[in-house]
Amino acid sequence: MKVLANDGISKAGERALKEAGIEILDNRVAQDHVINFINDNNVGVLLVRSATKVRQDLIDACPSLKIIGRGGIGMDNIDVEYAKSKGIKIINTPTASSKSVAELVFGHFLSLARFLHESNRLMPLEGETHFNAMKKSFSNAYELSGKTLGVIGFGSIGQEVIKIGISLGMKIQVLTRSPKTEVLTLNFFDGQSVNFEITSTNDMEAFLKEADFISINTPKTNEYIIDTPQFEKMKDGVYIVNTARGGVINEVTLIDFIDSGKVAGAALDVFENEPSPELPLLMNPALSLSPHVGGNTVDAQEKIGIELAEQIIKLQKETIR
């Protein structure tokens, strides 16, 4: 069996596949040439992240494909149900990068609350001449401890966001379509652990009125979760971070509510128009921005590679049987 990891795979994952006798092709193939490469090399497994698209035309044109894998949780770049209808196995790694994404959420929250995103831009330019003025303008900052963290989504990433919020002393609110209860365990360095029972709400209005910091951690949606009606119900001075998908928050409306002062600051790791975010977003000083790197840590990539390799090896053994 040959594996094409077209968007890359960690060394640990590559090593696990090779040790199992599975050939991994060291190539990065442009989207327009993926079909020909798969057919020319009789590729049985295609591994992708967000860059390579696996649509119906590719699936139909590549009869050698037996497994399609997504390194991460989102599957919106793969025609999953169509692939399954053709007998192709679909695998992904829904929890491998959850901690990395959650830590990025709080990297942005802390940056926004302490104006680090803005001071890091301005200090090299004005630190020598306007030090005292900047010190004064950035003094109106906030602690996260004691504030209410509102998490939209209760999946693996949302749960990791909640855990960090708890560890910082934040109050927790969770919004889901239907109320549900989860027991989350915080494990500490000395072997101790503490369980927290968290119950979500489906009352968006009450949720938005309470939250000081809002993290969006949902799958891709067909319509905005946060738009004008939702912004209007939020607390004045709210902070928002979106590490989910572009299109879950109306970016144009977000700028309007930042300008009005309703939103004190926001962070975007994902954008409606990737990979070319709109210029008003890139230039707005109230935004903390990152280029869709939520799961891009060495640790997460190691976990993703190993989990994909383990699933491929298991499926291969089952096929041999």
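Parameters and conventions
The written sequence of each chain sets the order in which its residues are numbered from 1. Predicted model: local features are reported for residues with pLDDT of at least 70 only, side-chain atom pairs are reported and counted for 80 or more only, and whole-chain, interface and lining totals are derived from all residues. To obtain the side-chain values, all non-hydrogen atoms of the structure were used and water was disregarded. Numbering of helices and strands runs from the N terminus, with a helix taken as a DSSP run of H or I at least four residues long and a strand as a DSSP run of E at least two residues long. By this rule the span expected of a helix is its residue count minus one, scaled by 1.5 Å. Note on classification: 1.4 Å probe, protein chains only; a residue is buried when its accessible area is under 20% of the maximum for its type, exposed when over 50%, partly exposed between these limits. In what follows, a contact means two residues having at least one pair of non-hydrogen atoms within 4.5 Å. When a carboxyl oxygen of Asp or Glu lies within 4 Å of a side-chain nitrogen of Lys or Arg, that pair is called a salt bridge.

Draft legend 1. Structural view of helix α5 (residues 98-113). Compared with the 22 Å implied by 1.5 Å per residue over 16 residues, the 23 Å span of α5 between its first and last C-alpha is a close match. Most of α5 sits out of view: 12 of its 16 residues are buried. Looking only at α5, the buried set comprises S98, S100, V101, A102, L104, V105, F106, H108, F109, S111, L112 and A113. At the C-terminal side of α5, F115 shows a positive phi close to 60 degrees.

Draft legend 2. Focus on the side chain of S98. By the element assignment, S98 lies in helix α5. Residue S98 is classed as buried on the basis of its relative accessible area, which comes to 3%. In contact with S98, not counting residues within four places along its chain, are S156, I157 and E160.

Draft legend 3. Local environment of the pattern of salt bridges. Per the counting criterion, the structure on display carries eight salt bridges. One salt bridge connects R245 with D76, and the closest N-O pair in it is separated by 3.1 Å. Of this pair, R245 sits in the loop between β11 (238-242) and α11 (251-260) while D76 sits in the loop between β4 (67-70) and α4 (80-85), placing them 169 residues apart in sequence. Overall, the relative accessible area of 15% leaves R245 in the buried class. Using a relative accessible area of 35% as the deciding quantity, one classes D76 as partly exposed. Members of the salt-bridge network, linked through shared partners, are K99, E160 and K163.

Draft legend 4. Quick look at unusual backbone geometry. With an omega of 5 degrees, the peptide bond between E274 and P275 qualifies as cis. Mapped onto the elements of the fold, P275 is located in the loop between β12 (263-268) and α12 (279-283). Backbone geometry at F115 places phi at a positive 60 degrees, although glycine is not the residue there. You can see F115 is positioned in the loop between α5 and α6 (116-126). A positive phi angle, close to 55 degrees, is found at H292, a residue other than glycine. For H292, the location among the structural elements is in the loop between β13 (287-289) and α13 (298-320).

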